[in-house]
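Observations on chain architecture
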Amino acid sequence: MFLRSAVSRPAATLLLSTARIPAASPSLRLAAQVRFNSGSNVPPSQVKPTRPCPSCGKPIPYPASPCPNCGGLVNIPPGLSLHSLLGVSDPIPVGEQHPTFNVGEELKRLPSNGMDLEPRDLRMRMLRRQQDLHPDRHHGDALAEDLSGRINKAYETLASPLKRIEYIYDMATDETDKVDNHDLLMEILEARETLEEADGQEVEELRQDNQAKVDDIVHQICELLHSKEPDLHAVKRLAVELRYWVQLENAAKAKLDKMGH
């Protein structure tokens, strides 16, 4: 896996398309249609898209589900950003039928390109969505299971600073994503050795120091992304560094679990 959109093309040009609904499913095909206010002078890209509820026919906005009018479940097409799935931002449609969604432009309108999120607010948004979509509320409906799973995945990704930055720039790590700063590499190796020899209290102290490093890197990434023309190479370098410290945190937690703490 490797960094793609962050360096090769501007984030504002990322268009994630929705999947076409099979012709054999009229209700889902109806749910995928999008209507805009034709009498409005607002450009289509700035109008909140809606689609008709397959049960009552009334328009409901993306990514709402269930229908706020009749309570029926409504499919949420792929292509919407994780931020919009949790209600952090509004999707920006491109096209009136079977729209794509300009995720790059959507993220640009958020603080630090969607990186700067408040954990408690994010969790509350997830819980509100799960309250509406959880399969137990819909008698194990398959669509509810799918939508609930997507909400969980969106939350798990955005709640983690590392996964969040990887998502924002469509980045993943491979053998080429290595720390090339010798001093930093030595610091990481020393921290690993310290962890191997540490007792319970020392592991907790190491975790506190490590958390300070993670917070500092996340702050630097937010600062970079807040600029009009962020240095994406620097963002990638920090994201790779962040991955190492997150891995150290995971190793520390695993050691504490093994020690029974």
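Structure's up top.
Residues numbered from 1 in each chain as written. Predicted model: local features only at pLDDT ≥ 70, side-chain atom pairs only at ≥ 80, totals over all residues. Heavy atoms only, no water.

1. A look at the state of the cysteines
What makes a disulfide is a covalent bond joining the sulfur atoms belonging to two cysteines. Note the threshold: The term disulfide is used for any two cysteine sulfur atoms that are within 2.5 Å.
For the structure on display, the rule yields 0 disulfides. Here Cys-56 is not cross-linked by a disulfide; its sulfur's nearest cysteine counterpart is in Cys-67, at 3.8 Å.

2. Observations concerning the packing of aromatic side chains
Let me state the cut-off plainly: We call Phe, Tyr and Trp rings a pair once their centres come within 6.5 Å, taking the six-membered ring for Trp, and we label the pair stacked below 30 degrees between planes, edge-to-face above 60, and tilted otherwise. We count a stretch as a helix when DSSP gives it H or I for four or more residues in a row; a strand needs E for two or more, and each element gets its number in order from the N terminus. Only protein chains enter the accessibility calculation, which uses a 1.4 Å probe; a residue is then buried when its area is under 20% of its type maximum, exposed when over 50%, and partly exposed in between. Two thresholds decide whether a charge sits over a ring: the Lys NZ or Arg CZ must be within 6 Å of the ring centre and within 35 degrees of the ring normal.
Summed over all chains, the structure comprises 1 aromatic pair. Taking the centre distance of 5.4 Å and the plane angle of 75 degrees together, the rings of Tyr-62 and Phe-101 count as edge-to-face. Of this pair, Tyr-62 sits in the loop between strand S3 (59-61) and helix H3 (82-85) while Phe-101 sits in strand S5 (residues 100-102); the two residues are 39 residues apart in sequence, bridging distant segments of the chain. A relative accessible area of 0% places Phe-101 in the buried class. Just above the ring of Trp-245 sits the side chain of Lys-213; from NZ or CZ to the centre is 5.1 Å.

3. Let's talk about unusual backbone geometry
Tyr-62 connects to Pro-63 through a cis peptide bond whose omega is -5 degrees. Mapping Pro-63 onto the fold places it in the loop between S3 and H3. Cis geometry is adopted by the peptide bond preceding Pro-66, which originates at Ser-65 and carries an omega value of 5 degrees. Its identity as a non-glycine residue notwithstanding, Asn-113 has a phi of 55 degrees, on the positive side. Tracing the sequence through the fold places Asn-113 in the loop between helix H4 (103-108) and helix H5 (119-133).

4. Concerning helix H6 (residues 142-159)
The periodicity of an α-helix, 3.6 residues per turn, causes residues three or four places apart in sequence to face the same way. Using the following cut-off: To estimate the expected span of a helix, count its residues, drop one, and scale the result by 1.5 Å. Contacts were defined at the residue level, with two residues in contact if any of their heavy atoms lie within 4.5 Å. Here a polar contact means two N or O atoms within 3.5 Å. Within protein one must be a hydrogen donor candidate and the other an acceptor candidate, and residues neighboring in sequence count only if both atoms are side-chain atoms.
With 18 residues, H6 should reach 26 Å at 1.5 Å per residue; the first-to-last C-alpha distance of 26 Å fits that figure. Those residues of H6 that sit buried are Ala-144, Leu-147, Ser-148, Ile-151, Ala-154, Tyr-155, Thr-157 and Leu-158. Lining the buried residues of H6 we find H3, H5 and helix H7 (161-168). For H6, the N-terminal capping position is held by Asp-141, with its side-chain oxygen 2.7 Å away from the main-chain nitrogen of Leu-143.

5. So, a negative patch on the surface
Put simply, the rule reads: Patch membership needs two things, relative accessible area over 30% and no salt bridge, and members are linked within 9 Å if like-charged or within 5 Å if nonpolar (Val, Leu, Ile, Met, Phe, Trp, Tyr). Note on areas: these come from Shrake-Rupley sampling with a 1.4 Å probe, and a residue is covered only by the protein chains present in the view. Criterion for a salt bridge: a side-chain nitrogen of Lys or Arg within 4 Å of a carboxyl oxygen of Asp or Glu. A positive count includes Lys and Arg, and a negative count includes Asp and Glu. His and the chain ends are not counted in either. Lysine's charge is taken at NZ, arginine's at CZ, aspartate's at CG and glutamate's at CD.
On the surface, a cluster of negative charge is made up of Asp-199, Glu-202, Glu-204, Glu-205 and Asp-209. Looking at the element boundaries, Glu-204 is found in helix H9 (residues 200-226).

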